[in-house]
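Report on the structure
Read off the chains here:
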Amino acid sequence: MQPLHASPLDKLRAYLETADLGDDGRLPSERELAETLDMGRTVLRKALAALQGEGVVWRHVGKGTFMGERPINSMSEINALVLRTNPTEVMAARLAFEPEIARLAAANATGAQINDLRACAQKCRGAPTWRQYEHHDNRLHRALGEATQNSLLLGLLDTMTTVRRAVTWGRRRDNPGRPPRDHHSFEQHDRIVEAVAARDGQAAADAMRTHLRTVEQNLRDSLGY
């Protein structure tokens, strides 16, 4: 239940944390969302603009508002990448790239960003569905990219995430339930985040590498590789 005096932005955040938006992450129309959250559309637009600035949502004129990072502009290029790659290549790219993202995050993360990482890890643990888990997991990995304070690296990470979701989305989550309480990622996420908080770049990189190798093995098992 939301606090009686929650701000419009807090109301919108709380809604997005539990909303089941479908695979494309599309939010309801502004009219529907304003009615659901009991706020005016002008106020709603301001809250959406604030979340868009944080990279939580993105907007496409004529199509609506979507959860997550904005896809790269040239869809022809991203589609070409998707057609040329496969889940094994995607994981190899992640293993080459994301440990260094974690290492740089340990060096450059602000206190607020470390708090955000901890919140993302906690939300992964509390996710009521696999879809919500995937959302918070994606948010945690992007938050690490933001913590590098390097916009080019963040852009590259977003591109990789877009390709990854196109290549592997829907192949691993046939179970309609929620992640088990002992899901491997929970503890692994905690190790990554606490290494970043301790400013231990090597430990952060090692923890990310361990995490991604587990993800890679589970993906291979699920796809019969």
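Described in the following lines is the structure provided in the data block. Just so it is clear, the structure is predicted and the values come from calculations on it, not from any experiment. (Residues numbered from 1 in each chain as written. Predicted model: local features only at pLDDT ≥ 70, side-chain atom pairs only at ≥ 80, totals over all residues. Heavy atoms only, no water.)

Comments concerning the overall build of the protein chain
Put simply, the rule is: Segments assigned H or I by DSSP are reported as helices when at least four residues long, segments assigned E as strands when at least two residues long, and all are numbered from the N terminus. Whether a residue is buried, partly exposed or exposed follows from its accessible area with a 1.4 Å probe, protein chains only, as a fraction of its type maximum: under 20%, in between, or over 50%, in that order. Here, two residues are considered to be in contact whenever any of their heavy atoms come within 4.5 Å of each other. Where accessible areas are quoted, they stem from the Shrake-Rupley method and a 1.4 Å probe; at the residue level, only the protein chains shown are allowed to cover.
Helices and strands together make up the secondary structure of the protein chain, namely 10 helices and 2 strands. Starting at the N terminus and ending at the C terminus, the protein chain contains elements arranged as α-α-α-β-β-α-α-α-α-α-α-α. For the protein chain, with 225 residues in total, the buried portion stands at 43%. In the protein chain, once contacts between residues fewer than 6 apart in sequence are set aside, the share between residues at least 24 apart is 71%. Carbon and sulfur atoms provide 52% of the accessible area of the protein chain, an area that totals close to 11,900 Å².

Considering the nonpolar core
Condition: Each nonpolar core is a collection of buried residues, namely Ala, Val, Leu, Ile, Met, Phe, Trp, Tyr and Cys, held together in the definition by side-chain atoms within 4.5 Å.
By size, the foremost hydrophobic cluster in this structure holds 29 residues, and its most contacted members are Phe-97, Leu-117, Leu-140, Leu-144, Val-196, Ala-204 and Met-208. Taken together, the elements giving at least two residues each to this core come down to α5 (87–108), α6 (111–126), α7 (130–147), α8 (151–168), α9 (184–197) and α10 (201–223). No other element matches α5, which puts 7 residues into this core. Discounting chain neighbours no more than four positions away, the residues touching Leu-140 are Leu-117, Cys-120, Ala-121, His-189 and Val-193. Leu-37, Ala-47, Leu-48 and Met-67 belong to the second largest nonpolar core, which has 17 residues in total.

Comments concerning the pattern of salt bridges
For clarity, the threshold we go by: Just to be clear on terms, a salt bridge is a Lys or Arg side-chain nitrogen sitting within 4 Å of an Asp or Glu carboxyl oxygen.
All chains considered together, the criterion is met by 15 salt bridges. In this structure, Arg-142 engages Glu-146 in a salt bridge whose closest nitrogen and oxygen atoms are separated by 2.6 Å. Taken together, the positions of Arg-142 and Glu-146, both in helix α7 and 4 residues apart, correspond to about one turn of that helix. Glu-146 carries the same exposure label as Arg-142, and that label is buried. Taken together, the salt bridges that share partners define one network made up of Asp-116, Arg-139, Arg-142, Glu-146 and Asp-158.

Let's talk about α10
The condition that has to hold: Helix span, as expected, comes to 1.5 Å for every residue beyond the first.
For α10, with 23 residues, the first-to-last C-alpha span of 33 Å sits near the 33 Å given by 1.5 Å per residue. Here α10 has its buried residues at Gly-201, Ala-204, Ala-205, Ala-207, Met-208, His-211, Leu-212, Val-215, Glu-216 and Leu-219. Of the surrounding secondary structure, the elements contacted by the buried residues of α10 are α5, α7, α8 and α9.

Side note on the pairing of strand β1 (residues 57–60)
Operational definition: Two strands form a pair only when DSSP identifies at least two bridges running between them.
With 4 bridges connecting them, β1 and strand β2 (residues 64–67) associate as antiparallel partners. Considered in β2, the bridge of Arg-59 is made with Thr-65.

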